[in-house]
Amino acid sequence: MRAVGLAMLTAAVLAVPADAGVYGSNTGAFTNDGSYGLTIDGLATFQMLHQLTVPSGVTIAHPGQVNFQTAAGGDFLGLGTYKGQGPGQDPTCSSNYGTGWTVYADGRVLGVYFCQPFQVLSGNAQSQSLIIQRAAGSGSCPGDPGPPGWIVEWQLVELECFSNLRFSSTQWVSAGAENVGGTTGMAIGLSYVQLQFRQSGHTYEYWPSRYVQSDPGYTITYTGTPAKPGVLIAP
Amino acid sequence: MKRDFGSLRVGSTALATLALLAGCVAGTGQSSTSASVSPPAALGCGPSTVVSIPVPTSSGPLTTLGGSVEFALSQAGISVAVSDSRASYVHPLVPPAAPAGLSPVAVYLVPWSPNGAVPETDLVQVFGTKAADGLTIDQILNEGDWILGESPARGLGAAEALRDLAKVGKQARAASVQVGAFSATLILQDPSNPAGVRPFGLYWSDGGRDLYIRAAAPSNQLVDFARTFYC
């Protein structure tokens with residue numbers, strides 16, 4: 001029996017503070033978003049970083065990410081490199097205006113954004129392997145016996161296992177380079193030596209060129225043999 | 001127009017404890033005593049504990065990439081009726097009434113992943129003032145509309161939601177509340193884009209189903225709406 005007559009239902013006193021979040025405009029050097037109609041459980045980017053100086057208040061980031069189209073909140077997991085102002089205005093990923101690039105993971109879990117920095121690479125680091133992939137089996141994340149989590153790896157070394165993303169796969173992956181708070185055509189400091197994704201139950205395969213798009217102000221050159229294509233971008 | 005409902009204060013722990021001591025029966029709203037001066041309240045149906053979730057001074061998506069890729073519900077899911085046999089695996093909860101000022105406008109089956117396995121599919125009910133076709137979840141929330149999602153229990157209840165946020169260091173964004181006999185986790189979420197609203201999400205499991213409500217509304221309204229299922 002419902003007790004809808006309970007008159008004492010939650011007398012709330014509500015404070016409504018202003019949203020103090022600060023955001024910049026985004027300028028993508030290229031974005032590579034979309035639904036490929038595939039069941040994807042891995043994304044691999046191999047970055048070749050270039051030295052550059054980032055103005056104050058600007059972030060340059062090179063994210064690759066798996067996006068989970070869910071009614072629960074469009075959660076995602078990303079892995080990449082950045083310099084300049086910390087991504088997402090999240091204090092956990094502090095600003096880095098030095099010469100190096102910071103490897104970071106970020107994402108959204110249950111609608112809440114997070115960012116986690118890892119090591120700092122040299123300004124001209126070459127062939128940096130950054131992989132996001134679904135773990136192999138249940139209990140794969142330490143301390144969690146539950147379903148397989150998603151692992152982020154740098155140079156084939158596991159950085160973190162996210163057991164809180166309960167998605168077995170996705171059909172939405174993206175990779176790119178962009179600046180926040182900068183200008184169109186600004187140097188972005190990156191080439192992708194390789195872009196790959198993995199379909200569930202398969203090995204990694206190269207990202208078809210038809211899925212690569214550039215924003216105004218940038219040129220993308222898709223290079224390499226069919227066996228090893230890469231993406232070069234330049235303002 | 002950006003709205004923000006980042007902090008809430010509801011009731012008191014003491015009142016909830018008194019409700020228990022008064023012999024209330026959770027989930028039924030019935031009291032074992034009729035001598036109370038005030039109407040007795042079942043656990044999770046009366047005043048709740050005082051909770052505050054401060055709005056983060058700086059947090060949010062970095063970019064359009066960081067904002068995830070979102071498609072319209074009508075594109076990502078299948079439009080159905082609550083009574084549709086395809087939705088019956090959830091044993092859908094139908095609220096006795098829509099949130100104030102809103103009406104049921106759409107129901108979708110939305111897969112979590114392209115695998116499309118039943119345990120990875122949500123049944124999503126939208127409450128609003130106009131059709132939801134062509135709108136993403138974020139657009140729906142920005143319109144001031146509400147989302148009620150449910151699926152067969154798959155391990156995403158209140159405790160798991162708290163653990164998930166703790167995993168990424170965001171446990172301060174959550175608070176525990178009671179929905180009838182069930183524990184629930186209230187989460188102050190981030191806008192998905194700079195112009196977006198900051199919604200609340202309420203996550204719980206009633207044993208048979210995992211459920212959530214998302215809305216850019218005062219948090220107590222989400223809790224009260226959830227309670228209408230059980231109180």
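Residues numbered from 1 in each chain as written. Chains lettered and ligands numbered in written order. Predicted model: local features only at pLDDT ≥ 70, side-chain atom pairs only at ≥ 80, totals over all residues. Heavy atoms only, no water.

Enquirer: Is there a simple way to explain the overall build of chain A in this structure?
Expert: On a plain count of helices and strands, chain A comes out with zero helices and 16 strands. Here chain A, with 235 residues, has 60% of them falling under the buried criterion. When contacts within chain A are restricted to residue pairs at least 6 apart in sequence, those whose partners lie at least 24 apart make up 63%. Summed over all atoms, the accessible surface of chain A reaches about 8,400 Å², with 57% contributed by carbon and sulfur. (Helix = DSSP H or I, 4+ residues; strand = E, 2+ residues; numbered from the N terminus. Buried < 20%, exposed > 50% of the residue type's maximum accessible area, 1.4 Å probe, protein only. Contact = heavy atoms within 4.5 Å. Areas by Shrake-Rupley, 256 points an atom, 1.4 Å probe, with all protein chains shown as cover.)

Enquirer: Sorry if this is basic, but what is going on with the overall build of chain B here?
Expert: Helix and strand counts for chain B stand at five helices and eleven strands. Counting the 231 residues in chain B, one finds 57% classified as buried. Sequence separation of at least 24 residues holds for 63% of the intrachain contacts in chain B that already meet a minimum separation of 6. Summing over all exposed atoms, chain B offers an accessible surface of approximately 8,400 Å²; the carbon and sulfur share of this is 58%.

Enquirer: I tried to follow the state of the cysteines on my own but got confused; where do I start?
Expert: Think of a disulfide as a covalent bridge from one cysteine sulfur atom to another cysteine sulfur atom. All names here are of chain A. Scanning the model with the defined rule gives two disulfides over all chains in all. The disulfide that involves C93 links it to C115, with 2.0 Å between the sulfurs. Residues C93 and C115 are joined through a disulfide that is left-handed, its torsion about the S-S bond being -90°. Of this pair, C93 sits in the loop between β5 (76-84) and β6 (101-109) while C115 is found in strand β7 (residues 112-121), placing the two residues 22 residues apart along the sequence. Owing to a relative accessible area of 4%, C115 belongs among the buried residues under this scheme. (Disulfide = S-S within 2.5 Å.)

Enquirer: Is there a simple way to explain the sheet that holds strand β5 (residues 103-111) of chain B in this structure?
Expert: To summarise the sheet geometry, strands pair through backbone hydrogen bonds and adopt either a parallel or an antiparallel arrangement. All names here are of chain B. Spatial ordering of the open sheet is given by β4-β5-β6-β7-β11-β10-β9-β8, a layout of eight strands whose pairing is antiparallel. The open sheet has two free edges, formed respectively by β4 (78-79) and β8 (174-179), since each of these has just one partner strand. Relative to strand β7 (residues 146-152), strand β6 (residues 121-128) runs antiparallel, the two sharing five bridges. Each residue of the ladder has a partner; that of V126, found in β7, is I147. Its contacts with the sheet place helix α4 (residues 158-167) against β8, β9 (182-188) and β10 (200-205), and it is angled at close to 35° to β9. Each of β6, β7, β8, β9, β10 and β11 (209-215) is contacted by helix α5 (residues 219-227), which is oriented at about 30° to β10, the strand it contacts most. (Pairing = 2+ DSSP bridges. Axes fitted to C-alpha atoms, helices over the stretch in contact; angles between N-to-C directions.)

Enquirer: Whenever I open this one, the confidence of the model for chain B confuses me. Can you help?
Expert: The predicted coordinates of low-pLDDT regions are not to be read in fine detail. For chain B, per-residue confidence averages 75 on the pLDDT scale, and residues scoring 70 or more make up 69% of the total. When the criterion is pLDDT under 50, residues 1-40 of chain B qualifies, and its contacts beyond four places in sequence or with other chains add up to 101 contacts. (pLDDT = per-residue confidence, 0-100.)

Enquirer: Explain the nonpolar core to me, please; I cannot follow it from the model alone.
Expert: Considering soluble globular proteins, one finds that nonpolar side chains tend to be buried as a cluster. Membership of the largest hydrophobic core comes to 68 residues, with the highest contact counts inside it found for L77 of chain A together with V126 of chain B. Not counting the four nearest positions on each side in its chain, V126 of chain B is found in contact with L73, S103, P104, V105, A106, Y108, A132, I140, W146 and I147 of chain B. F127, L148, V177 and L186 of chain B belong to the second largest nonpolar core, which has 26 residues in total. (Core = buried A, V, L, I, M, F, W, Y, C linked by side-chain atoms within 4.5 Å.)

Enquirer: Which parts of the structure should I look at to understand the pattern of salt bridges?
Expert: Note that side chains of opposite charge can pair when their charged atoms are close. All names here are of chain B. Per the stated rule, a full pass over the model turns up ten salt bridges over all chains. Its salt-bridge partner being D84, residue R86 comes within 3.0 Å of it at the nearest N-O pair. Judged by its relative accessible area of 18%, D84 is buried. Among the ionic pairs, K130 bridges to E143, the shortest N-O distance being 3.5 Å. Residue K130 is found in the loop between β6 and α3 (137-142), and its partner E143 is found in the loop between α3 and β7; the two are separated by 13 residues along the sequence. Residue K130 is classed as partly exposed on the basis of its relative accessible area of 43%. Under the relative-accessibility criterion, E143 is labelled partly exposed at 41%. Each member of the salt-bridge network shares a partner with another, and the members are E150, D206 and R209. (Salt bridge = Lys/Arg side-chain N within 4 Å of Asp/Glu carboxyl O.)

Enquirer: Is there a simple way to explain the pairing of β11 of chain B in this structure?
Expert: Every other side chain in a regular strand lies on the same face of the sheet, so the side chains alternate between the two faces. All names here are of chain B. With respect to burial, β11 is a largely interior element, seven of its seven residues being buried. Burial of β11 is two-sided: the residues R209, L211, I213 and A215 facing one way and the residues D210, Y212 and R214 facing the other way are all buried. Both β7 and β11 contribute to a ladder of six bridges, which runs antiparallel. The residue bridging E150 from the neighbouring strand is L211, located in β11. As paired strands, β10 and β11 are joined by six bridges and run antiparallel to one another. Following the sheet pairing, W204 is matched in β11 by L211. Hairpin geometry of β10 and β11 is characterised by an intervening segment of three residues between the two adjacent antiparallel strands and by a positive phi of about 100° at G207.

Enquirer: Which parts of the structure should I look at to understand unusual backbone geometry?
Expert: Most peptide bonds take the trans configuration, and most residues that are not glycine carry a negative phi. All names here are of chain A. Of note in the backbone geometry, L156 takes a positive phi value of approximately 70° without being a glycine. Here L156 lies in the loop between β9 (150-154) and β10 (157-162). Residue classification places L156 among the exposed residues on the basis of a relative accessible area of 63%.

Enquirer: What exactly am I supposed to notice about the packing of aromatic side chains here?
Expert: For any pair of aromatic rings, the description consists of the separation of the ring centres together with the inter-plane angle of the planes. Tallying each qualifying case throughout the model produces ten aromatic pairs over all chains. Measuring from ring centre to ring centre gives 5.4 Å for F114 of chain A and F162 of chain A, while their planes differ by 40°; the resulting arrangement is tilted. Here F114 of chain A, found in strand β7, pairs with F162 of chain A, found in strand β10; they are 48 residues apart in sequence, far enough to count as distant. Pair check on accessibility: F114 of chain A and F162 of chain A agree, each one buried. Three or more aromatic residues joined by ring pairs make a cluster, and in this case those are F127, W146, F182, W204, F225, F229 and Y230 of chain B. (Phe/Tyr/Trp six-rings, centres within 6.5 Å; stacked < 30°, edge-to-face > 60°.)

Enquirer: Looking at this structure, how should I read the pairing of strand β16 (residues 230-234) of chain A?
Expert: All names here are of chain A. In terms of strand pairing, strand β12 (residues 190-199) meets β16 through two bridges, oriented antiparallel. Of the residues in β16, the one forming a bridge with Y192 is V231. When strand β15 (residues 219-223) meets β16, the two strands line up antiparallel, connected through five bridges. The partner of T219 across the bridge, within β16, is A234.

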